[in-house]
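Observations on chain architecture
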Amino acid sequence: DWTTGNVIEEQVARIKAQIGDGKVICALSGGVDSAVAAALVQRAVGDQLTCVFVDHGLLRQGEAEQVEQDFVAATGVKLKVVDAQERFLTALAGVTDPEEKRKIIGREFIRVFEDAARAVVEEAQESDGEDVKFLVQGTLYPDVVESGGGTGTANIKSHHNVGGLPDDLQFELVEPLRTLFKDEVRAVGAQLGLPEEIVQRQPFPGPGLGIRIIGEVTKDRLDTLRQADAIVRAELTAAGLDREIWQCPVVLLADVRSVGVQGDGRTYGHPIVLRPVSSEDAMTADWTRLPYELLAKISTRITNEVAEVNRVTLDVTSKPPGTIEWE
Ligand code: XMP
């Protein structure tokens, strides 16, 4: 019968049988699925696994560190970090259309991952003549059902919804989460000793903060949004509301300014939108009725602590008609 321990034992045995003494690669996104999948493979085959983390600069405060430090400390995984922040900023310069942003982020992600994967493959061949034959993906049971149940060829679907890898980088997929639902994945991750911040993470879109800045994505705007978002997350957690809320996008209206007054001075800053939603599956959602006192605290903190932001607004639209994200 189903216990977390049994699942881990069974998956570790399957992974060992599939991979043997081969080499394997995995892209970490900062999310729970890729982290748990990688941790299972690490448990099974140790340092035959190399993880790649593409830091595109669109993650929230502390999330890159959680991967680079906490995840590595918890698992002992071999990690290759690619700092691609400048590259993503350059590619996104001047772009305001949401779908265009998604396309660019997805495209750049796959290119950077390809380069890193090629480097890992070459290093492996130089060190002992071994090819890297396997790629880990955090495909869950609902993804399998949705896509008709077949085993895909190698692609980085889950993170950025982009197409496949080129012919010279074809891998056999290792998908240790294929029989699991999200809450089971979290249980497995917890049992494997992964950091709570990763295991309990709420849904976060692959394009990250890139689609939470309405307008062009710039370094300064990302820093502003990261500060506001960190305050919101800290206050929601302190209020014990993480489980109740499906997710709470924090959105920077970068192309809008409004007049404010602080101290003796007039300000002309940007609004932040809070978008707390309650949902079962993100297909439909209702706006979460947060306590007024909590909203007041978040508003005061953001306007006091985040330069450039002088107004905090609350989105009270359900889905439909609104989507959860603003872009
Ligand atoms: P919407 O905004 O469509 O979002 O109501 C539904 C869920 O999907 C997430 N989302 C994305 N996830 N890439 C992703 O990986 C994307 O481009 C993307 N857009 C939206 C959103 O955060 C919510 O959980």
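Residues numbered from 1 in each chain as written. Predicted model: local features only at pLDDT ≥ 70, side-chain atom pairs only at ≥ 80, totals over all residues.

Per an unreviewed UniProt entry, the chain carries the name GMP synthase [glutamine-hydrolyzing] and comes from Kineosporia corallincola. UniProt lists a comment for the chain under the heading Catalytic activity (unreviewed entry), and it reads "XMP + L-glutamine + ATP + H2O = GMP + L-glutamate + AMP + diphosphate + 2 H(+)". Per UniProt, the chain has the following entry under Function (unreviewed entry): "Catalyzes the synthesis of GMP from XMP." (UniProt positions renumbered as here; feature names shortened; annotations may be inferred.)

Once that is clear, we can look at the UniProt feature "binding site: ATP" (unreviewed entry) in the chain. When the UniProt feature table is mapped to this numbering, "binding site: ATP" (unreviewed entry) covers Ser29, Gly30, Gly31, Val32, Asp33, Ser34 and Ala35. Summarising the element assignment, valine 32 is placed in helix α2 (residues 32-45). Residue classification places valine 32 among the buried residues on the basis of 25 C-beta atoms within 10 Å. Look past the residues within four positions of valine 32 in its chain and what remains in contact with it is Val185, Arg186, Gly189, Ile198, Val199 and Arg201. Looking at the element boundaries, alanine 35 is found in helix α2. Discounting residues that sit within four places of it in the chain, alanine 35 has contacts with Leu28, Phe71, Gly189, Leu194 and Ile198. (Helix = DSSP H or I, 4+ residues; strand = E, 2+ residues; numbered from the N terminus. Buried ≥ 20, exposed ≤ 12 C-beta atoms within 10 Å, placed from the backbone. Contact = placed C-beta atoms within 7 Å.)

Take the site of the ligand next. Lining the immediate environment of the ligand, one finds twelve residues, of which Pro205, Gly206, Thr323, Ile324 and Glu325 sit closest. By residue class, the composition of the shell around the ligand is five nonpolar, four polar and three charged. (Near = placed C-beta within 6 Å. Nonpolar A, V, L, I, M, F, W, Y, C, P; charged D, E, K, R; others polar.)

Turning our attention to the nonpolar core. Ranked by size, the top nonpolar core spans 73 residues in total, and within it Val24, Cys26, Ala35, Val36, Ala38, Val41 and Ala228 carry the most contacts. Per element, the largest residue contribution to this core is ten residues, and it comes from α2. Mapping this core onto the domain boundaries places at least three of its residues in each of domain 1 (4-199) and domain 2 (212-314). Non-local contacts of valine 41, meaning those with residues more than four positions away in its chain, are made with Ile15, Val24, Cys26, Leu49, Val136, Val174 and Pro176. (Core = buried A, V, L, I, M, F, W, Y, C linked by C-beta atoms within 7 Å. Domains from an automatic or database assignment.)

A common way to state how big an interface is: give the accessible area lost once the parts meet. Taken domain by domain, the chain comprises domain 1 (4-199) and domain 2 (212-314). The C-alpha centroid of domain 2 is placed 30 Å from the C-alpha centroid of domain 1. Facing the eight residues of domain 1 at the interface are eight residues of domain 2. Across the side of domain 1 that touches domain 2, the residue classes tally to three nonpolar, four polar and one charged.

Relative to strand β9 (residues 265-274), strand β7 (residues 250-253) runs antiparallel, the two sharing three bridges. Note that in β9 the partner of valine 250 across the bridge is leucine 274. Pairing analysis gives five bridges linking strand β8 (residues 258-262) to β9, with the strands arranged antiparallel. Of the residues in β9, the one forming a bridge with valine 261 is arginine 266. Following β8, the chain reverses through two residues before pairing antiparallel with β9; glycine 263 in that reversal takes a positive phi of roughly 60°. (Pairing = 2+ DSSP bridges.)

Structurally, valine 81 can be placed in strand β3 (residues 78-83). Judged by the 16 C-beta atoms lying within 10 Å of it, valine 81 falls in the partly exposed class. With residues near it in sequence (within four places) discarded, valine 81 still touches Phe53, Asp55 and Glu68.

This paragraph deals with the packing of α2 against helix α8 (residues 182-191). Relative orientation of the contacting elements α2 and α8 amounts to 50°, with a least axis distance of 10 Å. Judged by the inter-axis angle, α2 sits oblique to α8. The interaxial crossing formed by α2 with α8 has left-handed handedness. Contact residues: Val32, Asp33, Ala35, Val36 and Ala39 in α2; Val185, Arg186, Val188 and Gly189 in α8. (Axes fitted to C-alpha atoms, helices over the stretch in contact; angles between N-to-C directions. Parallel < 35°, antiparallel > 145°, perpendicular 65-115°, else oblique. Left-handed = near helix turned anticlockwise from the far one by under 90°.)

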